[in-house]
Amino acid sequence: MVLVRKVLRNVPDPRGRKGRQHPLEALLGLILLSMLSGRQGMAAAFRLGRSLTRRQLTRLGFRPDRASPCHATLTETLRMLDPDAMAAVFSTVTALRTGGLSADLDPRQIAIDGKTLRGSKDAEGRAEHVLSAFCVLLEQSLGHASSRGKGLEIPDALRLLDKLDLTGKVVTGDAIFCQKTITSKIANKGGDYLLPVKRNQKDLLEEIETAFRDPAFSP
C-alpha cells in the first residue's frame with residue numbers, strides 16, 4: 001500500500017484548490033481497490049468506500065474528518081485526469097519490475113492494441129480511445145496514448161512508439177497497424193515487427209502471396 005500511494009501521489013491533480021475535498025491519491029486508491037476487487041463502475045467504488053472503516057479509509061489517504069467520496073466526485077475526478085500523464089506515472093512501476101529481470105527473461109515482445117473507454121463520450125458523442133503497449137512477459141502495460149474521436153489509431157501508435165525503447169524488441173498488433181509509417185518507426189528505433197496483412201491492402205497481400213508461391217531463392 002505504501003508503494004501504491006507513493007506512485008499515485010505523483011499523478012498530476014487538475015482540480016482547483018477549492019475543489020480538493022479529498023486527496024487525489026486517496027480517490028485513485030479507492031478506485032483501484034474497487035477494480036482489483038472485481039467491481040465495475042464508479043457506483044461500485046462509491047459503495048465500497050461507504051463500506052470501509054475509518055481506519056481503512058485513512059490508510060487509503062482520506063482525511064479522518066471526511067466521509068468517503070460520493071459517486072459524482074469519483075466520476076468527475078476521473079474525467080478531469082490526463083490519461084497520458086497517468087500513463088507516465090504508472091510506467092515507473094514497470095521500470096522497477098523490468099530492472100529486476102534476469103538476462104534470460106528479457107521482455108522482448110510488445111503488443112499494441114486499442115480500446116474505446118466505456119462511458120467516456122462527451123457532449124459531442126466523441127469517446128476516449130486508449131492505445132496501450134503490453135509487455136507479454138511482465139503481463140503489464142508499458143505505456144499508453146489516448147485521443148478523443150475516431151480514426152486516430154495511427155497517430156496514437158506513432159506517439160506511443162516514440163515513448164518506448166524498441167531496441168531488440170518485436171512489436172505485434174492488429175492489421176490496422178501494418179502501415180509504412182509505423183513499421184519504419186519500429187525499424188528506425190532498433191526493433192522488429194510481426195503484423196498481419198488483410199485484403200484491405202490488396203497490393204501488399206498479393207506481393208506476399210507471390211513471394212511465398214514463387215520464392216526468388218530456392219531453399
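Counting restarts for each chain: residues are numbered from 1 in the order of the written sequence. With the structure being a predicted model, the display of local features is reserved for residues of pLDDT at least 70 and the display and counting of side-chain atom pairs for 80 or more, all residues being used for whole-chain, interface and lining totals. Think of the side-chain values as coming from all heavy atoms in the structure, minus any hydrogens and water.

### Topic: the confidence of the model for the protein chain
Here comes step 1: Known as pLDDT, the predictor's confidence for each residue is given on a scale from 0 to 100. Mean pLDDT over the protein chain stands at 82; residues scoring 70 or higher make up 86%.
Here comes step 2: Mean pLDDT values over the elements of the protein chain span from 63, in helix 6 (residues 83-99), up to 94, in helix 8 (residues 180-188).
Here comes step 3: Pairs of residues are marked as contacts when any of their non-hydrogen atoms sit within 4.5 Å. Scored below 50 in pLDDT, residues 98-105 shows six contacts in the model against residues more than four places distant or in partner chains. Counting from the N terminus, the helices are the DSSP runs of H or I reaching at least four residues and the strands are the DSSP runs of E reaching at least two.

### Here we look at helix 8
What sets the pattern is the α-helix's 3.6 residues per turn: residues three or four places apart point alike.
Here comes step 1: Note on classification: 1.4 Å probe, protein chains only; a residue is buried when its accessible area is under 20% of the maximum for its type, exposed when over 50%, partly exposed between these limits. Among the residues making up helix 8, those that are buried are Ile182, Thr183 and Ile186. Angular distribution of buried residues about the axis of helix 8 spans 95°; they occupy a single face of the element. Among the exposed residues of helix 8, those pointing more than 90 degrees away from its buried face are Lys180 and Asn188.
Here comes step 2: Next to the buried residues of helix 8 lie helix 7 (153-163), strand 4 (170-172) and strand 5 (192-194).
Here comes step 3: The first or second residue beyond helix 8 is glycine 190, which carries a positive phi of 85°. As used here, the arc is the angular range of directions from the helix axis to the C-beta atoms.

### Side note on the side chain of threonine 183
Here comes step 1: Here threonine 183 lies in helix 8.
Here comes step 2: Of the residues examined, threonine 183 reaches a relative accessible area of 12% and is grouped as buried.
Here comes step 3: Residues contacting threonine 183, with those up to four places away along its chain left out, are Tyr193 and Leu195.

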